[in-house]
Amino acid sequence: KRHVAAVAAAGHQHALGVEPRLLRDPVEERVPNDRLVRDDEGSIITVLVAVPVLAGTVAIGIETGQVYRLKRQMQSAADAAAVIGSTDRLASASTATITADARYEAKRNGFDYQATGISVTVNSPPTSGPNTGSTGAVEVIITKSQSFSLGAVLVNWLGGSSSSFTMRARSVAA
């Protein structure tokens, strides 16, 4: 009915020489977001569900990249420390010197054995693997306690508890 009245009024105004304008219901203009609340298609609910899922996916992707990067750094540090230790071993250095030099090399590469959550173990000869008992070989094991940062927020939001885990890199140089 309103639309018909608006068209009729517009036609009447045109006959009088006034440009026709459709009359609008002021209630429809009052709340432009009201349509979002009355949406029958469920798009708001879809967005509310999709945003946390998307945020969680991004968090997992970032965390996974950080874990792989850290593992690669740990392995590089363990490799360098084992090579230094093996070089010392071939030069007939003492076990204390081998350990000190290997730990220094690990520290130089970002893994200080004195830091909280980081352990650098030097074994000469190695205690595991095919070079066990080999007098010229040096084994370096770096462990680091790690926890998720972005993923922890998501886990806590979902009501879980995030815990830390231990990453490990091992290298033997002979």
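Since the model is a prediction, treat every value here as computed from it, not as a measurement.

### Focus on the overall build of the protein
Right, on to step 1. From N to C terminus, the protein includes six helices and three strands.
Right, on to step 2. In the protein, the order of α-helices and β-strands from amino to carboxyl end is α-α-α-α-α-β-β-α-β.
Right, on to step 3. A total of 174 residues make up the protein; the buried ones form 23% of that total.
Right, on to step 4. If you take every contact in the protein between residues at least 6 apart in sequence, the share linking residues at least 24 apart comes to 56%.

### Brief notes about the packing of helix 4 (residues 43-90) against helix 5 (residues 95-108)
Right, on to step 1. The geometry of helix 4 relative to helix 5 is characterised by a closest axis approach of 8 Å and an angle of 155 degrees between their N-to-C directions. On the basis of the axis angle, helix 4 is roughly antiparallel to helix 5. The handedness of the crossing between helix 4 and helix 5 comes out as right-handed. Taking contact as the criterion, the partners of Ala77, Ala80, Ala81, Ile84, Gly85, Asp88 and Arg89 in helix 4 are, on helix 5, Thr97, Ile98, Asp101, Ala102, Glu105 and Ala106.
Right, on to step 2. Classifying every residue of the contact of helix 4 with helix 5 by side-chain character gives seven nonpolar, two polar and four charged.

### Let's talk about the nonpolar core
Right, on to step 1. Membership of the largest hydrophobic core comes to 19 residues, with the highest contact counts inside it found for Met74, Phe111, Val120, Val122, Val140 and Ile142.
Right, on to step 2. Residue assignment for this core shows that the elements contributing at least two residues are helix 4, helix 5, strand 1 (118-123), strand 2 (138-146) and strand 3 (165-173).
Right, on to step 3. The leading source of residues in this core is helix 4, at six residues.
Right, on to step 4. When sequence neighbours within four positions are dropped, the list of residues in contact with Val140 reads Ala78, Ala81, Ala82, Ala102, Val120, Thr121, Val122, Ala169, Arg170 and Ser171.

### Section: a nonpolar patch on the surface
Right, on to step 1. A grouping of Leu54, Val58, Ile62 and Leu150 is seen on the molecular surface, where their side chains present a nonpolar patch of about 340 Å² in accessible area.
Right, on to step 2. A total of three residues in the nonpolar patch trace back to one element, the largest contributor, which is helix 4.
Right, on to step 3. Tracing the sequence through the fold places Ile62 in helix 4.
Right, on to step 4. Overall, Ile62 belongs to the partly exposed group, its relative accessible area being 36%.

### A look at the packing of aromatic side chains
Right, on to step 1. One pass over the full model with this rule turns up zero aromatic pairs.
Right, on to step 2. The ring of Tyr113 is capped by Arg103, whose NZ or CZ atom sits 4.3 Å from the centre of that ring.

Procedures and definitions
- Residues numbered from 1 in each chain as written.
- Predicted model: local features only at pLDDT ≥ 70, side-chain atom pairs only at ≥ 80, totals over all residues.
- Heavy atoms only, no water.
- Helix = DSSP H or I, 4+ residues; strand = E, 2+ residues; numbered from the N terminus.
- Buried < 20%, exposed > 50% of the residue type's maximum accessible area, 1.4 Å probe, protein only.
- Contact = heavy atoms within 4.5 Å.
- Axes fitted to C-alpha atoms, helices over the stretch in contact; angles between N-to-C directions.
- Parallel < 35°, antiparallel > 145°, perpendicular 65-115°, else oblique.
- Left-handed = near helix turned anticlockwise from the far one by under 90°.
- Nonpolar A, V, L, I, M, F, W, Y, C, P; charged D, E, K, R; others polar.
- Core = buried A, V, L, I, M, F, W, Y, C linked by side-chain atoms within 4.5 Å.
- Patch = residues over 30% accessible without salt bridge, like charges linked within 9 Å, V, L, I, M, F, W, Y side chains within 5 Å.
- Areas by Shrake-Rupley, 256 points an atom, 1.4 Å probe, with all protein chains shown as cover.
- Salt bridge = Lys/Arg side-chain N within 4 Å of Asp/Glu carboxyl O.
- Phe/Tyr/Trp six-rings, centres within 6.5 Å; stacked < 30°, edge-to-face > 60°.
- Lys NZ or Arg CZ within 6 Å of the ring centre and 35° of its normal.

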